[in-house]
Amino acid sequence: MNVLVINCGSSSLKYQFINSDTEEVMAKGLCERIGIDGSRISYQPKGADKEELETPMPDHTKAVALVIEKLTNKETGVVKSLEEIDAVGHRIVHGGEKFATSVVINDEVMKAIEECNDLAPLHNPANLIGINACKALMPNVPMVAVFDTAFHQTMPSKAYLYGIPYEYYEKYKVRRYGFHGTSHDFVSNEAAKFLGKDRKDLKIIVCHLGNGASVSAVMNGKSVDTSMGLTPLEGLIMGTRSGDLDPAIVTFLASKLNVSAEEVLNILNKKSGVQGLSGISSDFRDLEKAFNEGNERAKETLETYCYHVAKYIGAYAAAMNGVDVIAYTAGVGENTAFVRQRVSEYLTYLGTDVDPEKNKLRGETVVLSSPGSKCVTMIVPTNEELAICRETVRLVK
Ligand code: AMP
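Computed from a predicted model, the values in this text were never measured in an experiment.

> Hey, could you go over the site of the ligand for me, with residue numbers and the actual values?
Lining the immediate surroundings of the ligand are G210, N211, S282, D283, F284, R285, A330, G331, V332, N335, T336 and R362. Within the side chain of R285, an N or O atom sits 3.4 Å from a nitrogen atom of the ligand. V332 has a polar backbone atom sitting 3.4 Å from an oxygen atom of the ligand. Within the residue set of the shell around the ligand, elements represented by two or more residues are α10 (284-292) and α12 (330-335). Sorting elements by how many residues they give to the shell around the ligand places α12 first, with four residues. Partitioning the shell around the ligand into residue classes produces three nonpolar, six polar and three charged.

> I'd like a description of a nonpolar patch on the surface, backed by residues and values.
Together, I164, Y168 and Y172 give the surface a local cluster of nonpolar side chains, amounting to about 310 Å² of exposed area. Along the chain, I164 falls in the loop between α4 (157-160) and α5 (166-172).

> Can you lay out the packing of helix α6 (residues 181-194) against helix α14 (residues 384-396) for me, pointing to particular residues and giving the numbers?
Helix-helix packing is characterised by the crossing angle of the two axes and by the distance between the axes. It is at 9 Å that the axes of α6 and α14 come closest, and there the two elements cross at 90°. One finds that α6 runs roughly perpendicular with respect to α14. Where α6 abuts α14, its residues T182, S183, F186, E190 and K193 lie against E384, L386, A387, I388 and R390.

> Which residues make up the sheet that holds strand β9 (residues 203-209), and what are the values?
Taken together, the six strands give an open sheet; going across it, the order is β11-β10-β9-β12-β14-β13, and neighbouring strands pair in mixed fashion. Of all the strands in the sheet, just β11 (222-226) and β13 (366-367) have a single pairing partner and so form its edges. Bridging between strand β12 (residues 325-329) and strand β14 (residues 376-379) involves four bridges; their strand directions are parallel. Residue pairing across strands places A327 opposite M378, the latter belonging to β14. Relative to β9, α6 is tilted by about 125°, and along the sheet it contacts β9, β10 (213-219), β11, β12, β13 and β14.

> Tell me about the sheet that holds strand β7 (residues 103-104), and name the residues and values.
One open sheet holds the eight strands; their spatial order is β5-β4-β3-β2-β1-β6-β8-β7, and the pairing between them is mixed. Each edge of the sheet is formed by a strand with only one pairing partner; in this case those strands are β5 (51-54) and β7. Bridge analysis of strand β3 (residues 24-32) against strand β4 (residues 40-45) gives six bridges, and the strand direction is antiparallel. By the bridge assignment, C31 is partnered in β4 with I41. Helix α1 (residues 60-71) contacts β1 (2-8), β2 (13-19), β3, β4 and β5 of the sheet and is inclined by roughly 35° relative to β2.

> Go over the pattern of salt bridges, please, and point to the residues and values.
Under the counting rule described, the total for this entry stands at 22 salt bridges. Salt-bridge contacts for E32 lead to R40; the nearest nitrogen and oxygen are separated by 3.4 Å. Residue E32 is classed as partly exposed on the basis of its relative accessible area of 27%. The exposure class of R40 is partly exposed, given its relative accessible area of 33%. K289 is the partner of E293 in a salt bridge, and the nearest nitrogen-oxygen pair spans 3.4 Å.

> An account of the packing of aromatic side chains is requested, with residue identities and associated values reported.
Applying the stated criterion across every chain yields a total of eight aromatic pairs. Relative to F147, the ring of F99 lies with its centre 4.2 Å away and its plane at 10°, an arrangement referred to as stacked. One end of the pair, F99, is in the loop between β6 (87-92) and β7; the other, F147, is in strand β8 (residues 143-147), with 48 residues separating them in the sequence. Ring pairs connect the aromatic residues Y160, Y166 and Y169, which therefore count as one cluster.

> Describe the pairing of β11, and please don't skip the residues or the numbers.
Among the five residues in β11, four count as buried, and that is most of the element. Alignment of β10 against β11, held across four bridges, turns out to be antiparallel. Bridged to S216 within β11 is T226. Joining the antiparallel neighbours β10 and β11 is a turn of two residues, in which N220 adopts a positive phi near 55°.

> Give me the lowdown on the packing of helix α11 (residues 296-319) against helix α13 (residues 337-344), citing residues and values where you can.
Their axes nearest at 9 Å, the elements α11 and α13 cross at an angle of 55°. Looking at the two axes, α11 sits oblique to α13. Between α11 and α13 lies a crossing whose hand is right-handed. Here L302, E303, Y305, C306, V309, A310 and I313 of α11 come into contact with α13, specifically with F338, V339, R342 and V343. Here the contact of α11 with α13 is built from residues that sort into nine nonpolar, no polar and two charged.

Here is what the cut-offs are and how they apply
Starting afresh in each chain, residues are numbered from 1 along the sequence in its written order. Note on the predicted model: pLDDT of at least 70 is required for a residue's local features to be given, and 80 or more for side-chain atom pairs to be given and counted; whole-chain, interface and lining totals, by contrast, use all residues. Hydrogens and water molecules were not included; the side-chain quantities draw on all heavy atoms of the structure. Note on terminology: near, applied to a residue and a molecule or strand, indicates that one of the residue's heavy atoms is within 4 Å of it. For the purposes of these results, a polar contact is taken to be a pair of N or O atoms within 3.5 Å, where, inside protein, one atom must be able to donate a hydrogen and its partner to accept one; residues adjacent in sequence count only when each atom of the pair is a side-chain atom. Starting at the N terminus, helices and strands are each numbered in turn, a helix being any DSSP run of H or I of at least four residues and a strand any DSSP run of E of at least two. Three classes are used, and their members are as follows: Ala, Val, Leu, Ile, Met, Phe, Trp, Tyr, Cys and Pro are nonpolar, Asp, Glu, Lys and Arg are charged, and the others, Gly among them, are polar. Patch rule: a residue counts if its relative accessible area is over 30% and it has no salt bridge; like charges are joined within 9 Å, and nonpolar side chains (Val, Leu, Ile, Met, Phe, Trp, Tyr) within 5 Å. Exposure was quantified through the Shrake-Rupley algorithm and a 1.4 Å probe, taking into account, for residues, occlusion by the shown protein chains and nothing else. For salt bridges, the criterion is a side-chain nitrogen of Lys or Arg within 4 Å of an Asp or Glu carboxyl oxygen. Inter-axis angles, ranging from 0 to 180 degrees, are taken between N-to-C directions of lines fitted to C-alpha atoms, where helices are fitted over the stretch in contact. An angle counts as roughly parallel when it lies under 35 degrees, as roughly antiparallel when it exceeds 145, as roughly perpendicular when it falls between 65 and 115, and as oblique in every other case. Any pair of residues with heavy atoms lying within 4.5 Å of one another is described as a contacting pair. Whether two strands pair comes down to DSSP finding at least two bridges between them. Partly exposed residues are those whose accessible area sits between 20% and 50% of the maximum for their type, while under 20% is buried and over 50% is exposed, using a 1.4 Å probe and protein chains only. Two rings belonging to Phe, Tyr or Trp (six-membered ring only in the last case) form a pair when the distance between their centres is within 6.5 Å. Interplanar angles under 30 degrees mark stacking, angles over 60 mark edge-to-face geometry, and anything in between is tilted. Throughout, a crossing is termed right-handed when the near helix is turned clockwise from the far one, and left-handed when it is turned anticlockwise from it by less than a right angle.

Below, the structure is given as structure tokens:
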């Protein structure tokens, strides 16, 4: 089957076109600045150069139309016609408590996604726009919704409840949902497969360390806890998000800065994390460079970041009463040897380590701990698009 995987933001649309039989990416690209002056599309068919084109995209329907045009282009396309697009898989950010698994999209599903809009006001409406755009242009092609939150719906209430009046959970559904579920599911599965084991027999901690970052505890194949909360702001220190903090800081800062709580939240989402701490960058490549040049702020930032990752791993080892596998994934997790090395130094009590030589590897599934370690530490590259493609095929075949 040929599956078009779509990840739609409010002004962007990332896409991959995947042959599900070979799991090869036949083409991929990005539409940016949709509805804004200077819209552009990039398109890269397998084995060929990337094309970039500035062209008006007043809305997402136009963006999807351009993607289809590129995929079916006589010279550079990868299929002959629209008929060769067999299904579309959509990444949906928030499924609330309504979706514990991926689903085939119909009117009822779209309504339920819309009902989750207030839980993810920036993302879900954009995701729905993407679905509507595809529906308008490919009315007969089956579509599947794959939710970032679904994998974590197996968490027990002791993990998802906050210590606030219970009525807020009942009335407003204020609870931990967690995100990056597609990645935590994919990586824990791939880790078990690589080790020749069944995920159902393992206690796995997945550290998805990207620009956004979260840790999850996956016990016997199910997510039992995760660090992001009602929104992706909770948990680890991230690229630009603060992660955990005393909620009183919000009103304290609002009063000191003479701004609204909403504006403080904006600071916590966009100007905090390693970017805010270091004053250098949200990108770990820049931080590592500054660290190697002896920059003290970079050193302090990286130390703080790693300490927080190690604390979460310790917490989840406690939650599962043990841990068999620690898997690092996403941009930082797959590439930044320093972070894996430093975090592992806190974890020798769990019976794991990181071999400095193996730790130089990146971008491939590899065991980093010494042979015979009680707990295996490894890198497992994530692939959310492939995971969405697999889910789409599972549901429409
Ligand atoms: P993601 O959100 O998974 O795409 O991760 C993006 C982040 O990964 C970037 O902001 C960088 O901090 C980090 N990253 C990506 N590539 C590298 C690399 N080669 N070395 C170190 N960090 C990297």
